[in-house]
Structure formats: structure tokens, C-alpha cells
Amino acid sequence: MDSARFALFVKQDCQTCTLLVPVFERLRKSLTELVIYVQDDPTFLSSAGAAYDKTLEKSFRSEIEITPTLIRMAGQNESGRVCGWVRDEWRGITGIADLG
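Below you will find a few notes about this structure. (Residues numbered from 1 in each chain as written. Predicted model: local features only at pLDDT ≥ 70, side-chain atom pairs only at ≥ 80, totals over all residues. Heavy atoms only, no water.)

Attention shifts here to the side chain of E25. Within the secondary structure layout, E25 lies in helix 2 (residues 21-30). Setting aside residues no more than four positions away along its own chain, E25 makes contact with L45, S47 and A48. (Helix = DSSP H or I, 4+ residues; strand = E, 2+ residues; numbered from the N terminus. Contact = heavy atoms within 4.5 Å.)

Below, the structure is given as C-alpha cells:
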């Protein structure tokens with residue numbers, strides 16, 4: 001997945017997101033181009049370099065309805081999206097066979 005870029009949308013108030021922090025840390029280490037957007041708490045995943053989507057503008061433009069959501073981009077186009085946590089779907093979109 002060399003040329004792929006990823007955007008991950010999370011929030012601390014999401015129980016699934018809180019449980020998946022180790023998975024998000026793994027993504028941060030494994031994917032060269034990953035941006036993490038936090039919707040509700042600027043301190044959540046701040047150690048992972050997460051960006052605070054304070055106005056939810058990025059979430060709105062990306063049509064985020066569920067967290068966590070992981071979006072794969074190829075160039076300027078979305079080439080995949082997983083909403084919620086389904087291990088096999090996340091493995092498929094990232095190419096990380098042992099994720100989660």
C-alpha cells in the first residue's frame with residue numbers, strides 16, 4: 001500500500017475508539033501516510049500526533065457519520081472506507097494482515 005494515504009476519524013467519547021487505541025498506535029507505526037482526526041477531545045491520541053477537528057469541518061467534508069472511520073486515498077480520490085470496527089475489513093484496507 002505504498003502510495004496510499006489514510007485518514008482516521010475518532011473521538012474519545014466513542015467506546016470502540018477508546019478500546020482500539022492500541023490498533024490506532026499500530027496504524028501510526030505501520031502506515032507512512034496516516035492523519036488521525038479527533039472530533040471531541042484535543043488530548044485524545046495527542047501522543048500519536050492526532051489533529052483536533054475542532055469545528056468538525058474535516059469530518060463534515062469527509063462525510064463521517066460513525067467513529068472510528070478509516071479512509072484510504074489514492075491520489076485525490078477515496079479508494080476505500082471502513083466504518084466501525086470489523087477486523088477483517090481493517091486488515092483488507094490497510095494491508096496489515098495481523099492488525100488487531
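On we go from here.
Moving on: the packing of aromatic side chains. Inspection of every chain in the model, using the stated rule, returns 3 aromatic pairs. Taken together, a centroid distance of 5.0 Å and an interplanar angle of 20° make the contact between F9 and Y37 stacked. With a gap of 28 residues between them, F9 in strand 1 (residues 4-10) and Y37 in strand 2 (residues 34-38) connect regions that are remote in the sequence. For the pair F9 and Y37, a shared accessibility class is recorded, and that class is buried. Among the aromatic side chains, those forming a connected cluster through ring pairs are F24, W85 and W90. (Phe/Tyr/Trp six-rings, centres within 6.5 Å; stacked < 30°, edge-to-face > 60°. Buried < 20%, exposed > 50% of the residue type's maximum accessible area, 1.4 Å probe, protein only.)

With 24 residues, the main nonpolar core has L8, V10, F24 and L27 as its most contacted residues. For this core, the secondary-structure elements that each account for two or more residues are strand 1, helix 2, strand 2 and helix 4 (87-94). When near neighbours in sequence (up to four residues on either side) are disregarded, L27 contacts L8, L34, W90, T94, I96 and L99. Ranked by size, the runner-up nonpolar core spans 6 residues in total, among them A7, F9, Y37 and I64. (Core = buried A, V, L, I, M, F, W, Y, C linked by side-chain atoms within 4.5 Å.)

The next point concerns the environment of G84. Looking at where G84 falls in the secondary structure, it is placed in the loop between strand 5 (77-83) and helix 4. The exposure class of G84 is buried, given its relative accessible area of 15%. Each C-alpha atom of the pair G84 and E65 lies 9.9 Å from the other, and the pair is 19 residues apart in sequence.

This paragraph deals with the sheet that holds strand 1. An order of 3-2-1-4-5 is seen for the 5 strands of this open sheet, with the pairing classed as mixed. Since the sheet does not close on itself, it has two edges, and those belong to strand 3 (51-52) and strand 5, each with one partner. The sheet contact formed by strand 4 (residues 69-74) and strand 5 spans 6 bridges and is antiparallel. Paired with M73 across the strands is E78, a residue of strand 5. (Pairing = 2+ DSSP bridges.)

Next up on the list: the pairing of strand 1. Across the 7 residues that make up strand 1, a large majority, 6, are buried. Here strand 1 runs beside strand 4; their pairing, made up of 6 bridges, is antiparallel. Its bridge partner being in strand 4, R5 is matched across the sheet by M73. The pairing of strand 1 with strand 2 spans 5 bridges and is classified as parallel. Residue F6 lies in a different strand from strand 2, and its bridge partner there is L34.

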